Amino acid sequence: MAATKLRLVLNVLVRLFCRRTRTLFVVFLIGNAVVLTTILSVSVLPIANDVGCDTVDRPVDVSDDDYVESQWRIVKLRQILDFQEEEMIVSSRRRTKQSIDDVDGRRRSTGSDEGRDVDCLKLVDVRERQFVAAGWTKAVYKAVHLGRDVAVKQVNFYGHDMTDCLRRLTPWECYRKSAAKIMKEIVLLRELAHPNVLKVLGFCIPNGDSAKDEVTSSGLSLVTELGQSLDMIRLLQSSWENRLRIVLGVTRLVHHLSNSPLGSLVMNDFRRQQFVLVDGEPKLSDVDDVELEEPVCRSDDDCTSRHEAAELTLRVPCVAGRCRGYNEKQNIYNAGRHFVSFLLPHGAPLSLRPRVDAIVQAFDNVTWDSSRLLHSLQEVFRLFSTGEYLGRTEGDAGRRPRPNYDRLEHFDLLDVHDYRCQFTVSGNSCTLSVFDDREAMDICDEDRDCRAFVFTSITSWTGRRIAHFKSNYTSATKNNSTDLYIKIK
């Protein structure tokens, strides 16, 4: 393990050495720890040219300080993530806590994180645990902490990893191996903090040498936001607006992975099972298969991947011994295959379909990078949320109803005359988001079952208004937050 650490550190030093602005380091190996100390910054470009530095490079448009920080953080994460089969969790626990403390320190200094809400002592306050799901390594429980629903992840003693390991090792050794994977997840989820990555609320890594660590008998625990699994059938039946939110969130994540503080990362298992919905927003919840670096290569031929199902071949250049752009293209391809192609086209507004079709094709064929894909989707969102997609002129924006509608201010048809319609956001009624009352009239005009609609002050995630479409207009009641529109025959 020490040899692996030293190799990683030396690799970073060589990369730092082969750059115009150089920093010299002293490396101390103290037991299993690696300490890197800066002692001098000098210019050594002539020397670098003499040692074959054209084979060592870094991404373009990356500052010296950012590159140093990125490479060193990868080394530190590798100390946690590159566990050997015989690695003992006892010897790694200290390094994991140090890495987590480093992340916490950076966030406190930048004000980007509220800190840890749950630790080993507070874990006893997590109540009402209910089993949710289990995988090969982890079991997930729904629980309540300070009145908030949370998810608690712990080692699955009956999972595939434990049962398979017990054929060769002792129960305690097998537990340590499974617990190591949860420790990896703690580090990566916090390092990749993003609106579309599941937020870590806290964790418990017992020391085993303190009485206060015995307050919980469940051992290593990770506490996160509680999300709902992504049900593809339910998503396909939801409104286009909600499906746009899923696609936009996944695309933001793809862009984040391509530009993360650790460099360009790849999700080797990029499927809906790795995501959950938190308040309607898709969030990455499983980082077991996230790869930190792009593939090693000797030539461009090593940077070609063939996807037989799509009859697609992806090629990127081999630069400085790495397949530059490989991770981003793989993420785009898998995001298109598992999310965009299914969710975005169906039900898109007619005027937005050319843009939507171009985005879907770009995902399918991986012809755009993540920045262009994100920009294009944000433009679709803008056109949809502002009503520009309706193609109206400036004089068309008034709220005055057309002659074939009567408007009754502050009236409602609560829980009466409901019917199901396509893309409704409610289970037993026809409830849709609209830009204004005029768009609601257009929808009602085209629906033979619609005889009235209730225009509310409630807004969707895009800022559009919610309207309830009704099959009749009798039994109206007063409601200061709604207006009732009745279709005149």
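See the structure printed just above.
Scope of this entry: the structure provided in the associated data block.

Cut-offs used in this document
- Residues numbered from 1 in each chain as written.
- Predicted model: local features only at pLDDT ≥ 70, side-chain atom pairs only at ≥ 80, totals over all residues.
- Heavy atoms only, no water.
- Helix = DSSP H or I, 4+ residues; strand = E, 2+ residues; numbered from the N terminus.
- Contact = heavy atoms within 4.5 Å.
- Areas by Shrake-Rupley, 256 points an atom, 1.4 Å probe, with all protein chains shown as cover.
- Pairing = 2+ DSSP bridges.
- Axes fitted to C-alpha atoms, helices over the stretch in contact; angles between N-to-C directions.
- Parallel < 35°, antiparallel > 145°, perpendicular 65-115°, else oblique.
- Nonpolar A, V, L, I, M, F, W, Y, C, P; charged D, E, K, R; others polar.
- Patch = residues over 30% accessible without salt bridge, like charges linked within 9 Å, V, L, I, M, F, W, Y side chains within 5 Å.
- Salt bridge = Lys/Arg side-chain N within 4 Å of Asp/Glu carboxyl O.
- Disulfide = S-S within 2.5 Å.
- Buried < 20%, exposed > 50% of the residue type's maximum accessible area, 1.4 Å probe, protein only.
- Phe/Tyr/Trp six-rings, centres within 6.5 Å; stacked < 30°, edge-to-face > 60°.
- Lys NZ or Arg CZ within 6 Å of the ring centre and 35° of its normal.
- Core = buried A, V, L, I, M, F, W, Y, C linked by side-chain atoms within 4.5 Å.

1. Looking at the overall build of the protein chain
Counting secondary structure elements, the protein chain contains 12 helices and 21 strands. Taking the contacts inside the protein chain whose residues are at least 6 apart along the sequence as the reference set, 65% of them involve residues at least 24 apart. With the model as given, the accessible surface of the protein chain reaches about 24800 Å², and the carbon-plus-sulfur share is 50%.

2. Concerning unusual backbone geometry
Excluding glycine, residues mostly carry a negative phi; peptide bonds, for their part, are mostly trans. Despite not being glycine, Val-366 shows a phi value in the positive range, around 50°. Within the element layout of this structure, Val-366 appears in the loop between α10 (353–365) and α11 (370–386).

3. Description of the environment of Arg-315
For Arg-315, the location among the structural elements is in strand β14 (residues 312–315). Arg-315 sits 10 residues away from Gly-325 along the chain, and the two C-alpha atoms are 9.0 Å apart. Those residues in contact with Arg-315 that lie beyond four places of it in its chain are Cys-303, Thr-304 and Lys-329.

4. Focus: the sheet that holds strand β17 (residues 405–412)
Pairing is antiparallel across the open sheet formed by 5 strands, whose spatial order is β17-β21-β19-β20-β18. Strand pairing shows two members of the sheet lacking a second neighbour, β17 and β18 (430–434), which therefore form its edges. Taken pair by pair, the neighbouring strands of this sheet meet at an average axis angle of 30°, ignoring direction. Both β17 and strand β21 (residues 477–487) contribute to a ladder of 7 bridges, which runs antiparallel. By the bridge assignment for β21, Glu-409 is matched with Asp-483. The strands that helix α12 (residues 437–446) touches are β17, β18, β19 (452–459), β20 (465–470) and β21; relative to β19, the one it contacts most, it runs at about 145°.

5. Digging into the packing of helix α8 (residues 240–258) against helix α9 (residues 326–343)
Direction vectors running N to C along α8 and α9 enclose 175°, while the axes themselves pass 10 Å from each other. Comparing their axes, α9 and α8 come out roughly antiparallel. Contacts from Trp-240, Arg-243, Ile-246, Val-247, Val-250, Val-254, Leu-257 and Ser-258 of α8 reach α9 at Glu-328, Asn-331, Ile-332, Ala-335, Phe-339, Val-340 and Leu-343. In the contact of α8 with α9, the residues fall into 11 nonpolar, 2 polar and 2 charged.

6. Brief notes about a nonpolar patch on the surface
Together, Ile-233, Leu-236 and Phe-342 line one region of the surface with nonpolar side chains, adding up to about 280 Å² of accessible area. Note on placement: Leu-236 falls in helix α7 (residues 232–237).

7. So, the state of the cysteines
The final tally for this structure, using the stated rule, is 5 disulfides. A sulfur-sulfur separation of 2.1 Å characterises the disulfide bridge that pairs Cys-303 with Cys-323. Given an S-S torsion of about -80°, the disulfide between Cys-303 and Cys-323 has left-handed geometry. With a gap of 20 residues between them, Cys-303 in the loop between β12 (290–291) and β13 (304–307) and Cys-323 in strand β16 (residues 322–323) connect regions that are remote in the sequence. Overall, Cys-303 belongs to the buried group, its relative accessible area being 0%.

8. With respect to the pairing of β14
Here β14 shows a clear split, with Leu-312 and Leu-314 buried on one side and none of Thr-313 and Arg-315 buried on the other. Bridge count between β13 and β14: 4 bridges; the pairing is antiparallel. Bridged to Ser-305 within β14 is Leu-314.

9. Focus: the pairing of strand β3 (residues 127–134)
Summarising the sheet, β3 and strand β4 (residues 138–145) pair through 5 bridges and their orientation is antiparallel. By the bridge assignment for β4, Ala-133 is matched with Val-140. Here β3 folds back onto β4 in antiparallel fashion, the turn holding 3 residues.

10. Some thoughts on the packing of aromatic side chains
Applying the stated criterion across every chain, the model contains 13 aromatic pairs. Geometrically, the ring pair formed by Phe-381 and Trp-461 is stacked, given 5.3 Å between the ring centres and 20° between the ring planes. Residue Phe-381 is found in helix α11, and its partner Trp-461 is found in the loop between β19 and β20; the two are separated by 80 residues along the sequence. With relative accessibility at 26%, the residue Trp-461 sits in the partly exposed group. Plain terms: the ring middles of Phe-455 and Tyr-485 are 6.3 Å apart, the flat faces sit at 85° to each other, and that makes the pair edge-to-face. Linking Phe-455 in strand β19 with Tyr-485 in strand β21, this pair joins segments that are 30 residues apart in sequence. With respect to class, Phe-455 is no different from Tyr-485; both count as buried. Counting every residue linked through ring pairs, the aromatic cluster contains Tyr-405, Phe-453, Phe-455, Phe-469 and Tyr-485. One residue, Arg-464, lies across the ring of Phe-384, its end atom 4.0 Å from the ring centre.

11. Description of the nonpolar core
Core analysis: the largest hydrophobic core is formed by 65 residues, its most contacted members being Trp-240, Phe-275 and Leu-344. Broken down by element, the residue count for this core peaks at 9 residues, all from α8. When near neighbours in sequence (up to four residues on either side) are disregarded, Trp-240 contacts Leu-343, Leu-344, His-346, Gly-347, Ala-348, Pro-349, Leu-352, Val-356, Val-380 and Phe-384. One finds Tyr-419, Cys-450, Phe-453 and Phe-455 within the second-largest nonpolar core, a separate group that totals 15 residues.

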